[in-house]
Amino acid sequence: MMRWLPRDRMLWLAAPALFYLAFFYAMPLIYLLGRSVIGPNGPTLSLFAGFFADEYNWRVIGNTLRIALLVTLVSLVIGYPVALALARARGLAQVMLLTAIILPLSVGVVVKAFAWQIVLRRDGAIAKLLVATGIWDEPQRLLFTEPGLVIGAANVFLPFMILPIYSVVKLIDPRLSEAGATLGASPIYRFRKIILPLTMPGLISGMAFVFSLSVSMFVIPSLLMGDRFQTLATLTGRSFLLMRNEALGSATAVVLLVLAVSIVVGSTILSRRIGKAA
Amino acid sequence: MTKIVTTDSAGTRLTRRTLLHTGAALGAGIAMPGILRAQAREIVIGGAASHKPWVEAHVMPAFEKKYNARITFEGTKSLVNLEKMQKNKDKPYLSIVQMDDPVMILAVKEGLLEPITPAKVPNMAKLKPGTVHMNGMWANYLQPWQGIAYNTNVLKTPPTSWAEALDPKFKGRIIVPSLQNTEGLPNLFMFAHLATGKPMTEAYKDIDAAFREIKKLKPNLLTVYSQMPQAFSLLEQGEAHMILGALSSFGMQRRLDGAPVSMAAPKEGIFPVPSGIAVVKGGPNMELALAYINELLGAEVQSKIAPPTFALPTNVDAPVPPGMPTDAKIHTIDWAFVAENRNEWVKRWDREMAS
Amino acid sequence: MNPAPFLDIRKASKDFGSGPVLDGVDLAVSRGEFISLLGPSGCGKTTLLRIIAGLTAADGGIVTLDGQEISRLPPHRRDVGVVFQNYALFPHLTVAENIAFGLRAKGAPAAEITATVERFLTLIHMEALAGRSVRALSGGQQQRVAVARALATKPKLLLLDEPFSALDRKLRETMQIDLRRLLRELGTTAIFVTHDQDEALIMSDRIAVMNRGRIEQLDTPEAIYARPATPFALEFVGLSTRIAGTVTGYDPDGFVTVETPLGTIRGRGRFEVGSPVLLGVRPERIRFGAEDGANVAAPVLTDIVFQGARIQAHFASADQRPVMIETSGALPAGLTAGSPVTISFAVEDTIAYPLAAA
């Protein structure tokens, strides 16, 4: 009669987390969803119709997706080689690398934002370097620009790209690449046909992590871009916290959620297919 | 008998309230102090946590001695005070609130405040114009102000006009507060004034002109902040040269700390940051409450509390603290107008000021 | 005219930091030859293999393959195939894709790839499993795919690193014969690393017995078994009975007389009188009963071990040193533990080694 219960008792270990998620995540989320589709006269989609009719909101969606994609891309380009190196490193070198990757997580975003100001400002290290090397004729503004935001956000989220990839790479038998070499495959071919497909699960989860984090980041854009650049997350925050417009906030939150979930799920399916085809 | 009781955080508020309201119903040990309090005259003031130091140092001791009374100061946020008043509307325990003007408007709308008159608060007669609002619903006891904060290493002389910020030489060097911050609103009115050339009292309603003019600032904007410390850090590092609409309480404190910043009061005028005080409708010990307000509006107390808060006194007899503008034009903000339109302005700001 | 060897290794050396793993190894291999590197773990055989493949950089030495020096080439330019101990099959690819990998990497035409893959699938009897994921294969099947994958690019040289060690004994024996036959058909030159002497004896044209980073003996399986060049080769290849003693005389024909706990024994070797030596005899060369002209002794029987086709009899000499006799026939009647038994073994089958070297 208890047939619906999981047969494996170990599965019960997930129960506290499931209850926790149900109460503190699923229920508020469902409430939020309800908020966005139920008007004073019953169910309605007018909130969304209004939201999408406003050209400005499309710009906000564009900002959100563009920044999230760029942050994901930059994290990937920087993080992937690091993950490979980390998996290869041994002993003290590995410990130091891991520490260097994880420790910055303990520094709050606000502190980091202040640190970046010092590096990114017009008389900061980067500007000085670019002027000294002749790439720039004169110092340019880096602070409060989109590149600055992308660099900063990628810096914060990098560990979330590196660690999932690393956890997959370290399980790959180093002999596979050697086998490829003895079969006449160049390093690039080996990377494309062996390492890349085998690390794909790590890449997918890393990208999903960073994309989800950057599509919903709130504090980083407000510190690194200021108030002139709105994303769905900052717009949501403002609707709730300042404008006290909970309906609008629910709508933007739902749009954000739907976009993030569909992109993460969609790209996961797509990458799996590509991984299999490669 | 005098005793000072202060609480300074929202966290202890519940305990206190529980104590005050259920004390009688509980055991004798807890009920006793409640009875004692009722005998000694006491008022409870709801104010900001940041008020606590100067209330304790400069207001409380003299007041308690003079009136043989006790003050309980609950320092929290304006909106929390509003909530306290709403929740206890039938049986208020706060006698006085010290809150920001925009919150005062909300309190008035909810019918939580009672007007004060010069008959009961004689020092009201000594106040500068524009410091008594909505027919005496509240008065300003201090005026911290908003002007231009500038980096003293870059600008050797203080800016004399708000229009200087439009000079192309400040490309990417100007910071303004976001409209979602209360201190962001005066810039809008100032630029309406700059655009129209009309007196501020007329100009501020021309929001279209305001946006038209402030958009000219875009090339010069480094950023629009929502975190004031960040803005000041950029100013002090020299990445920014000016913050339009900076708070004197913040900017003067940084100057005192040795940062290369100063506050300027340009010729077009400055804006007071509303520090209001009001009587809670139906609050206990009304005479005592009015006496307290009278003290706070008096020259003696204001001359003590203006310097540490880098504010201008509102009583004409109180001297302007050294380092503060003495002859600046002070504009009053129409907070009712703000409350009505702010969300619309924020939306428009997002669209028109976007980078 | 003696042609240059197909594979020529000169003075290969390697030290990972804790003493030499390879100590100046020379090895010459002819085209089509199957050579085993036989030795215990840590003898340097796998390191030598990896140096030939280019997977490990040698500290010194030159490797020449088919007239071309390959020492400095990266592994993918060496044309040396490798079958790894764990096979290292690509887990994300099918059987056919694994076999095709090398050809694809080299950019072979599609038609050639298809034909080669089909041919090798037939050779390893796995046509039906072409589309199967390699993760779904048995150990033996994986090994065959690994061999086919390595051979599909027609490498000049095939290296095999203990490819049978993960298989059970019965499967191993059939696969050894299959592999030998396949390599012979294709005419592949192969170097085979193993610590299993039986495997080496069964498969090899020649065996290089390795110990402590050196090749101690390089010869045919028969020669190594009959005439181990060193006590290590004697001990590592096949069973042996060993008795220590002191030389008491020698003759110019290359025989020494040695005083041992088993009595006076003659054996092959050139040593001065008084040298400590180790005498080694293969157990199956020892017979029961006295024989003229042979070494004769009478140790005490301690144990009889029945091994199916063979029977081992264990004896102890006067000083309790063990002596082993191995016979495939029946033991003499009336053997009882504790009683002395007369045995004999030919002087030619007895070899003396310097004891210090043991």
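Residues numbered from 1 in each chain as written. Chains lettered and ligands numbered in written order. Predicted model: local features only at pLDDT ≥ 70, side-chain atom pairs only at ≥ 80, totals over all residues.

A. Summary view of the overall build of chain C. The helix and strand tally for chain C stands at 8 helices and 21 strands. Expressed as lengths along the three principal axes of its C-alpha atoms, the size of chain C is roughly 75 × 45 × 40 Å. Per-residue burial over chain C gives 41% buried out of 358 residues. Within chain C, counting contacts between residues at least 6 apart in sequence, those at least 24 apart form 66% of the total. (Helix = DSSP H or I, 4+ residues; strand = E, 2+ residues; numbered from the N terminus. Buried ≥ 20, exposed ≤ 12 C-beta atoms within 10 Å, placed from the backbone. Contact = placed C-beta atoms within 7 Å.)

B. How the structure looks around the overall build of chain A. Each helix and strand in chain A was counted, giving 12 helices and 2 strands. Over its C-alpha atoms, taken along the principal directions, chain A stretches across nearly 75 × 70 × 35 Å. Expressed as a percentage of the 278 residues in chain A, the buried residues total 36%. The contacts of chain A with a sequence gap of at least 6 include a subset with a gap of at least 24, amounting to 71%.

C. Local environment of the arrangement of the chains. Among the 2 pairs of chains that make contact, the interface with the largest number of contacts is formed by chains A and B. Spatially, chain B is disjoint from chain C: no contact exists, and the shortest C-alpha separation is 47 Å.

D. Examining the interface of chain C and chain A more closely. Across the contact, 18 residues belong to chain C and 15 residues belong to chain A. The set of elements that each furnish at least two residues to the side of chain C that touches chain A consists of strand 6 (80-83) and helix 2 (95-105) of chain C. Of the residues that constitute the side of chain C that touches chain A, the class distribution is 10 nonpolar, 6 polar and 2 charged. (Nonpolar A, V, L, I, M, F, W, Y, C, P; charged D, E, K, R; others polar.)

E. Spotlight on the domain arrangement of chain C. Looking at chain C, the domain boundaries give domain 1 (7-230) and domain 2 (239-354). In this structure, domain 1 of chain C and domain 2 of chain C have C-alpha centres spaced 39 Å apart. (Domains from an automatic or database assignment.)

F. Quick look at the pairing of strand 4 (residues 60-65) of chain C. Residues and elements named next belong to chain C. Across 5 bridges, the pairing between strand 1 (residues 7-15) and strand 4 is antiparallel. Along strand 4, the bridge assignment pairs serine 13 with glycine 60. As paired strands, strand 4 and strand 5 (residues 68-69) are joined by 2 bridges and run antiparallel to one another. Within strand 5, the position partnered with threonine 64 by the bridge is glutamate 69. Connecting strand 4 to the antiparallel partner strand 5 that follows it, the hairpin turn spans 2 residues, and aspartate 66 within it adopts a positive phi of roughly 50°. (Pairing = 2+ DSSP bridges.)

G. Molecular detail of the pairing of strand 3 (residues 34-38) of chain C. All names here are of chain C. Most of strand 3 sits out of view: 5 of its 5 residues are buried. In strand 3, alternate side chains face the same way, and those of Phe34, Ser36 and Leu38 on one face and Ile35 and Leu37 on the other are all buried. Summarising the sheet, strand 3 and strand 8 (residues 189-194) pair through 5 bridges and their orientation is parallel. Bridge assignment links serine 36 to a residue of strand 8, and that residue is phenylalanine 192.

H. Quick look at the environment of A:Tyr56. All names here are of chain A. By secondary structure assignment, the location of tyrosine 56 is in helix 3 (residues 55-88). Judged by C-beta crowding, with 15 C-beta atoms within 10 Å, tyrosine 56 ranks as partly exposed. Expressed as a C-alpha distance, the spacing of tyrosine 56 and methionine 161, which sit 105 residues apart in the sequence, is 32 Å.

I. Geometry of unusual backbone geometry. Residues and elements named next belong to chain C. Phi angles above zero are rare outside glycine, and histidine 125 is one such case at about 55°. With respect to the helices, strands and loops of the structure, histidine 125 is situated in the loop between helix 3 (110-123) and helix 4 (139-151). Non-glycine residue glutamate 162 carries a positive phi angle of around 45°. Looking at the secondary structure, you find glutamate 162 in the loop between strand 7 (157-161) and helix 5 (169-186). Residue classification places glutamate 162 among the buried positions, given that 20 C-beta atoms sit within 10 Å.

J. Quick peek at the interface of chain A and chain B. On the side of chain B, 22 residues touch chain A, which itself brings 19 residues to the contact. Looking at the side of chain A that touches chain B, the elements that each hand over two or more residues are helix 5 (109-120) and helix 10 (219-224) of chain A. Split by residue class, the side of chain A that touches chain B holds 8 nonpolar, 4 polar and 7 charged.

K. The arrangement of the nonpolar core in detail. Counting 155 residues, the largest nonpolar core has A:Phe157, B:Ile96, B:Ile174, B:Ile175, B:Met242, B:Ile243 and B:Ile293 as its most contacted members. The element that contributes the greatest number of residues to this core is helix 7 (residues 146-169) of chain A, accounting for 16 residues. When residues of this core are assigned to domains, at least three fall in each of domain 1 (5-142 + 274-313) and domain 2 (144-272 + 330-353) of chain B. In this view, B:Ile174 contacts B:Ala165, B:Leu217, B:Asn220, B:Leu221, B:Leu222, B:Ala240, B:His241, B:Met242 and B:Leu244; residues no more than four positions away in its chain are not counted. If you look at the next biggest cluster of nonpolar residues, it comprises 81 residues, including A:Leu176, A:Leu183, C:Leu55 and C:Tyr87. (Core = buried A, V, L, I, M, F, W, Y, C linked by C-beta atoms within 7 Å.)

L. Representation of the sheet that holds strand 9 (residues 206-211) of chain C within the structure. Residues and elements named next belong to chain C. Strand order in the open sheet formed by 6 strands is 6-7-8-3-9-10, with mixed pairing between adjacent strands. Each edge of the sheet is formed by a strand with only one pairing partner; in this case those strands are strand 6 and strand 10 (214-219). Strand-to-strand twist of the sheet, defined as the mean angle between neighbouring strand axes without regard to direction, takes the value 20°. Examined bridge by bridge, strand 9 and strand 10 share 5 bridges and lie antiparallel to one another. Paired with isoleucine 207 across the strands is aspartate 219, a residue of strand 10. (Axes fitted to C-alpha atoms, helices over the stretch in contact; angles between N-to-C directions.)

M. Representation of the environment of B:Ser233 within the structure. Inspection of the secondary structure assignment puts B:Ser233 in helix 9 (residues 228-237). If we ignore the near neighbours within four places in the chain, the residues touching B:Ser233 are A:Phe114 and A:Gln117.

N. Representation of the sheet that holds strand 4 of chain C. Residue and element names in this part refer to chain C. The sheet built from 4 strands is open, its strands ordered 2-1-4-5 with antiparallel pairing. On the outer flanks of this sheet lie strand 2 (20-29) and strand 5, each paired with one strand and no other. By the bridge criterion, 7 bridges tie strand 1 to strand 2 in an arrangement that is antiparallel. Within strand 2, the residue paired with serine 13 across the bridge is aspartate 23. Against the sheet, helix 1 (residues 45-53) contacts strand 1, strand 2 and strand 4, and its axis sits at roughly 120° relative to strand 1.

O. Up close: the packing of helix 7 of chain A against helix 9 (residues 187-215) of chain A. Residues and elements named next belong to chain A. In the contact formed by helix 7 and helix 9, the axes pass within 8 Å of each other and the chain directions differ by 160°. Here helix 7 lies roughly antiparallel to helix 9, going by the angle between them. The interaxial crossing formed by helix 7 with helix 9 has right-handed handedness. Between helix 7, through Ala153, Phe157, Phe160, Met161, Pro164, Ile165, Ser167, Val168 and Val169, and helix 9, the contact on the second element is made entirely by Thr199, Pro201, Gly202, Leu203, Ser205, Gly206, Phe209, Val210, Leu213 and Ser214. Class assignment for the residues of the contact of helix 7 with helix 9 results in 13 nonpolar, 6 polar and no charged. (Parallel < 35°, antiparallel > 145°, perpendicular 65-115°, else oblique. Left-handed = near helix turned anticlockwise from the far one by under 90°.)

P. Representation of the packing of helix 6 (residues 185-196) of chain B against helix 8 (residues 207-214) of chain B. All names here are of chain B. Contact geometry of helix 6 with helix 8 gives a least axis separation of 7 Å together with a crossing angle of 90°. When the axis of helix 6 is compared with that of helix 8, the two are roughly perpendicular. Contacts from Asn187, Leu188, Phe189, Phe191, Ala192, Leu194, Ala195 and Thr196 of helix 6 reach helix 8 at Ile207, Ala209, Ala210, Arg212, Glu213 and Ile214. Considered class by class, the residues forming the contact of helix 6 with helix 8 number 10 nonpolar, 2 polar and 2 charged.

Q. Local environment of the confidence of the model for chain C. Looking at chain C, the pLDDT average stands at 89 and 96% of residues meet or exceed 70. Scored as a whole, the predicted complex attains pTM 0.76, and scored at its interfaces, ipTM 0.84. (pLDDT = per-residue confidence, 0-100.)

R. Structural detail: the environment of B:Ala265. Residues and elements named next belong to chain B. The topology assignment puts alanine 265 in the loop between strand 11 (261-264) and strand 12 (271-272). Residue classification places alanine 265 among the buried positions, given that 23 C-beta atoms sit within 10 Å. Separated by 60 residues in sequence, alanine 265 and proline 325 have C-alpha atoms that sit 6.5 Å apart. Among residues more than four places away in sequence, those in contact with alanine 265 are Gly147, Ile270, Pro325 and Ala328.

S. Geometry of the confidence of the model for chain A. For chain A, mean pLDDT is 87; residues scoring 70 or higher make up 96% of the total. Averaged over each element, pLDDT in chain A is lowest for strand 1 (residues 38-39) of chain A (79) and highest for helix 8 (residues 174-182) of chain A (95).

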